[in-house]
Amino acid sequence: MELLDRIKAFATLGDEIMGNTPNTANFWQTVNAAHQHNPWFTPENCQYAIKAIAQEWLSEKKLTQWVSGYPSAHFKPKNCKNVGVVMAGNVPFVGFHDLLCVLMSGHHFVGKISSKDGGLMEAVINLLIGIEPQFKQLITISEAKLEHFDAVIATGSDNSARYFEYYFGKYPNIIRKNRHSIAILTGNETDDELKGLASDIFTHFGLGCRNVSKLLVPKDYDFNRLLNALNGYSSIINHNKYANNYEYYRAIFLMNQVEHLDTGFLLVKPDEGLGSPVGTLYYQHYSNLESVSSYINSNTENLQCVVSVIPQITSRILPGNTQNPQLHDYADGIDTVKFLASL
């Protein structure tokens, strides 16, 4: 397949998803039923995830701009490699970007789909093959262990990363570990910016590495406006598994007399940790921008997104945009296309 054919196929996939055409009937049926297999994958979250992918990535213009940033040889490998991709299952369609990179680079995708996936990745792959049947020869889905691969891209927790390094260390690889996202606030954010931050916190129940799990705030920070913005997501407590997490940590905090703010659906707790549990949000005070920069630099390997309106913070993401990454926003900052070109 020529690169132009691949671009057109993925662009058509985006059009099909956004157009909700008759061809997508089975796809949407799977999307809306995924919660039966994985309660975290609500129809709303699954629809949000795949539509964000279609809007932000799957247009002919955006795909063309993306690939034009690389030498053309990156998409014409001399030898097609079998690239094993171990996908996480924490948020819907989380492995799609790896699928896109492997196929656009002209390699063979050998995917190990998470048991928590609920059929989502297989459904979107079937939709893609329906658009461009040539992809069928370039995609293999494995429900057991990965076999017959030349390189590996694996995403998981810190614990699973040790497993990946043991089994895949002798192959060219990208092994992704736990990462977290933080927000740096000043107290001068607008109401709309705080509402955007609320979406960065609550979308997908906070299960993704791009979800804000911690705030850095000034020592005199007034939480009232932020808490008011968070109220737009108060109905999240009606989700059984989320509520169970919230109630569990609420009981622990109360029994141990741990300082915290309780909104009735979220526990906001001072803590030096990065990754807060579901139903909680950590915060930590800062004294000046120098201390913020020092904090970011010392935690670079553990951070996925830094959300802020402060211009001096480099590589920041504006509130409300963490769940809409661009094609060049590679997980863990590792350029997947360059890796694939090196095989």
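Residues numbered from 1 in each chain as written. Predicted model: local features only at pLDDT ≥ 70, side-chain atom pairs only at ≥ 80, totals over all residues. Heavy atoms only, no water.

Visitor: Just to check I follow, could you spell out the pairing of strand β11 (residues 303–307) for this structure?
Guide: Every other side chain in a regular strand lies on the same face of the sheet, so the side chains alternate between the two faces. Most of β11 is tucked away: five of the five residues are buried. In the sheet, strand β6 (residues 180–184) pairs with β11 via three bridges, with the strands oriented parallel. Residue alanine 183 lies in a different strand from β11, and its bridge partner there is valine 307. (Buried < 20%, exposed > 50% of the residue type's maximum accessible area, 1.4 Å probe, protein only. Helix = DSSP H or I, 4+ residues; strand = E, 2+ residues; numbered from the N terminus. Pairing = 2+ DSSP bridges.)

Visitor: For this particular structure, what's the right way to read the packing of aromatic side chains?
Guide: For the structure shown, the criterion picks out 20 aromatic pairs. For the pair phenylalanine 27 and tryptophan 28, a centre-to-centre distance of 5.1 Å together with 70° between the ring planes defines the contact as edge-to-face. The same class applies to phenylalanine 27 as to tryptophan 28, namely buried. Pairing phenylalanine 149 with tyrosine 171 gives two aromatic rings, centres 4.7 Å apart and planes at 55°, and the pair type is tilted. In this pair, phenylalanine 149 is assigned in the loop between β3 (139–142) and β4 (151–155) and tyrosine 171 in the loop between α7 (158–168) and β5 (173–176), connecting sequence segments 22 residues apart. Taken together, the ring pairs connect Phe149, Tyr163, Phe164, Tyr166, Tyr167, Phe168 and Tyr171 into an aromatic cluster. (Phe/Tyr/Trp six-rings, centres within 6.5 Å; stacked < 30°, edge-to-face > 60°.)

Visitor: Can you walk me through the sheet that holds strand β9 (residues 267–270) in this structure?
Guide: The pairing of strands in a sheet comes from backbone hydrogen bonds and takes either a parallel or an antiparallel form. Strand order across the open sheet formed by six strands is β8-β9-β10-β7-β6-β11, with mixed pairing between neighbours. Lying at the two open borders of the sheet, with one neighbouring strand each, are β8 (261–262) and β11. Bridge count between strand β7 (residues 212–218) and strand β10 (residues 280–286): five bridges; the pairing is parallel. What sits directly across from leucine 216, in β10, is glutamine 284. The sheet strands contacting helix α10 (residues 240–255) are β8, β9 and β10, and the helix crosses β9 at an angle near 45°. (Contact = heavy atoms within 4.5 Å. Axes fitted to C-alpha atoms, helices over the stretch in contact; angles between N-to-C directions.)

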